[in-house]
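# An overview of the molecular structure
Given next are the chains, with one letter for each unit.
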Amino acid sequence: FLAVLARALGPGRPLAQALPAAGITTLGILWLGLGGSYLVSISIECGAPAIYLLLAASGYRVERWEDPPSALSDPASTTLVLAEPSELPTDAERAAIDAFLRAGGHVIATGPDSAWFVSGKSIPRLPTGHSWNTMPALAPSPITAAAPEIAMASRATWTTTGWRVVPLYGDDQGPSVIEMAIGSGTVMWWEAATPLTNAGITASNNLAFVLASFLAT
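Figured I'd write up the structure that's included with this text. (Residues numbered from 1 in each chain as written. Predicted model: local features only at pLDDT ≥ 70, side-chain atom pairs only at ≥ 80, totals over all residues. Heavy atoms only, no water.)

### Some remarks on the pairing of strand 11 (residues 185-190)
With 6 of 6 residues buried, strand 11 lies mostly within the body of the structure. Judged from the 5 bridges that link them, strand 4 (residues 106-110) and strand 11 form a sheet pairing that is parallel. The residue of strand 11 that forms the bridge with Thr110 is Trp190. Pairing between strand 10 (residues 174-182) and strand 11: 6 bridges, direction antiparallel. Across the sheet, the residue bridging to Val177 is Trp190, located in strand 11. Between strand 10 and strand 11, which pair antiparallel in sequence order, lie 2 residues; one of them, Gly183, sits at a positive phi of approximately 60°. (Buried < 20%, exposed > 50% of the residue type's maximum accessible area, 1.4 Å probe, protein only. Helix = DSSP H or I, 4+ residues; strand = E, 2+ residues; numbered from the N terminus. Pairing = 2+ DSSP bridges.)

### Points about the pairing of strand 10
Of all 9 residues making up strand 10, 7 are buried, and the element is well covered by its neighbours. By the bridge criterion, 6 bridges tie strand 9 (residues 165-171) to strand 10 in an arrangement that is antiparallel. Paired with Tyr169 across the strands is Val177, a residue of strand 10. Between strand 9 and strand 10, which pair antiparallel one after the other, the connecting turn spans 2 residues.

### Considering helix 6 (residues 206-216)
Of all 11 residues in helix 6, 8 are buried, a share of seventy percent or more. Listed in full, the buried residues belonging to helix 6 are Asn206, Phe209, Val210, Leu211, Ala212, Ser213, Phe214 and Leu215.

So this is what it looks like as structure tokens:
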């Protein structure tokens, strides 16, 4: 599965090439949407098919998660993608995701409200006059080495600080992408799901950013 086996690969190799070269044929990615139900819509309108089909067409198993987060299992082998949840989590949902992380799970949380699912907070961005912003790298990492800057919808900035939080991209208003350790697991928070959309994945270095993000989890 992605979270464990991808870590053994050499840096800088595209996911679609690196995993087959290593003999990896199963990829576990769970997409969790909490906007009234646990089913995320993989449709042309939501924009996810570009990356979804890239992975699936390369011979990997890509799953949509349709159950409550309390049903998550095999955390060390699973990357959970929170695809811009439109509602805040309940205490039980937040506790379940926290337990998943502390047991070695990996989460990519996208959108302002997703911060609440992973023990964080965000605030809306001040208007910039642009619907999308180009965000430069703020810290050295394998992810920022692969994508020195990214294009992201202008939505929010991460506000929770601490030794566990590493801002990866952002501007003078604050971080737009962070990485954080929780227990044995890791969280990436993006202010928007733009890089996963059909329009966004081709902008700037977004494809390299997405693939590097999965390889890092």
